[in-house]
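Listed here are the chains, written in short residue letters.
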Amino acid sequence: MAEVTGPRLSIDTHAHVFHRGLKLAPGRRYAPDYDAPLDLYLQQLDQNGMTNGVLVQPSFLGTDNSYLVECLKATSGRLRGIAVVDPGVSPDELHALDRAGIVGIRLNLVGQPLPDLALPEWKALLAQVKALGWQVEVQRNASDLAVFAPKLLDHGVNVVLDHYALPDPKTGVSDPGFQSVLKLGASRRVWVKISAPYRNGADGEPFAKQAYPLLRAAYGVERLLWGSDWPHTQFEAQQSYAKNRKFLDELVTDADERARVLALPRELFRF
């Protein structure tokens, strides 16, 4: 008897939702002047044939993950979340986030000092992250990731690097930092998001086409994650969900390989 299967998963691993009524974090670098609410994001998924999505807490909302949790609860398992927490967060709060569908924490370190992971609160937090089976998602330039990601790995956590690991746009794949990030593939505990090529400078798309085969060789298809980066904060005028989904077809031209890129994040994000 033929096995009956549902539609194959296609997971968008990087998007943000917010609205102007939410309390903004002090010291933020940026705040949007428009709304990107849950229903509009779900519409993007439906219109582009995506079954599931991952909502990443925007840095301008700080550690108040309440809207993110609300959105996860409203969608009955269709979405997962990546939270931003204070290093001193209580175990009870982490367990509550876990029950709500949070599967990791985000460290958006762009323009921030790198945290000292040897401090007691960081050791405790990373031990909790490991115990929960969560991931640590990091946004930072490649040269710093080459040094910082191994320190995270020393704590036994899975690590996800945002947006092609953000090499120096002037040197692209030749950036020594990017070359070092490629070596992290051997750990089998690092994933890279092939998302938001436009965050890698004006030549982001040509760069992405050079980077993809190198990342695939270093990490394997199973550790590359596609994300829409909707609503493309600070690039809204030039970008759209459909444009980014279409670029994936140009980037990963083999249909079966592309389907694997979209489906294989299932385990990492607990779908």
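Residues numbered from 1 in each chain as written. Predicted model: local features only at pLDDT ≥ 70, side-chain atom pairs only at ≥ 80, totals over all residues. Heavy atoms only, no water.

Asks: Break down empty space enclosed by the protein for me, citing the residues and quoting the values.
Replies: Where empty space is left can be seen by rolling a probe of water-molecule size over the atoms. The tally for this structure, following the rule as stated, stands at 1 cavity of 30 Å³ or more. Elements represented by at least two residues in the lining of the largest cavity include exactly strand S7 (190–195), strand S8 (224–227) and helix H8 (241–251). Residue composition of the lining of the largest cavity, by class: 7 nonpolar, 3 polar and no charged. (1 Å grid on protein atoms, 1.4 Å probe; cavity = no way out; pocket = protein on both sides within 12 Å on 5 of 7 lines; lining within 4 Å. Points joined across faces, edges and corners; volume = space filled by probe spheres on them. Helix = DSSP H or I, 4+ residues; strand = E, 2+ residues; numbered from the N terminus. Nonpolar A, V, L, I, M, F, W, Y, C, P; charged D, E, K, R; others polar.)

Asks: Outline the nonpolar core, listing residues and values.
Replies: Among the nonpolar cores identified, the biggest contains 74 residues, and Leu-161 and Leu-215 are the most heavily contacted of them. In this structure Leu-215 touches Tyr-164, Phe-178, Leu-182, Val-192, Ile-194, Gly-220 and Leu-224, once residues within four positions along its chain are discounted. (Core = buried A, V, L, I, M, F, W, Y, C linked by side-chain atoms within 4.5 Å. Buried < 20%, exposed > 50% of the residue type's maximum accessible area, 1.4 Å probe, protein only. Contact = heavy atoms within 4.5 Å.)

Asks: Outline the sheet that holds strand S2 (residues 52–56), listing residues and values.
Replies: Strand order in this open sheet of 8 strands is S1-S2-S3-S4-S5-S6-S7-S8, and the pairing throughout is parallel. The two strands at the open ends of the sheet, each matched to only one other strand, are strand S1 (11–15) and S8. Taking each pair of neighbouring strands and ignoring which way they run, the sheet shows an average axis angle of 25 degrees. This element, H8, spans S1, S7 and S8 of the sheet and lies at about 150 degrees to S8. Packed onto the sheet, helix H9 (residues 255–263) meets S1, S7 and S8 and runs at close to 85 degrees relative to S8. (Pairing = 2+ DSSP bridges. Axes fitted to C-alpha atoms, helices over the stretch in contact; angles between N-to-C directions.)

Asks: Mind laying out the pairing of strand S3 (residues 79–83), listing which residues take part and the relevant values?
Replies: Strand residues, when the strand is regular, have side chains that alternate between the two faces of the sheet. Most of S3 sits out of view: 5 of its 5 residues are buried. Neither face of S3 is left uncovered, since the one carrying Leu-79, Gly-81 and Ala-83 and the one carrying Arg-80 and Ile-82 both have all their residues buried. In this sheet, S3 lies alongside S2 in parallel orientation, the contact comprising 4 bridges. Looking across to S3, one finds that Gly-53 is bridged to Leu-79. Across 3 bridges, the pairing between S3 and strand S4 (residues 102–108) is parallel. If you follow Gly-81 over to S4, its bridge partner there is Ile-102.

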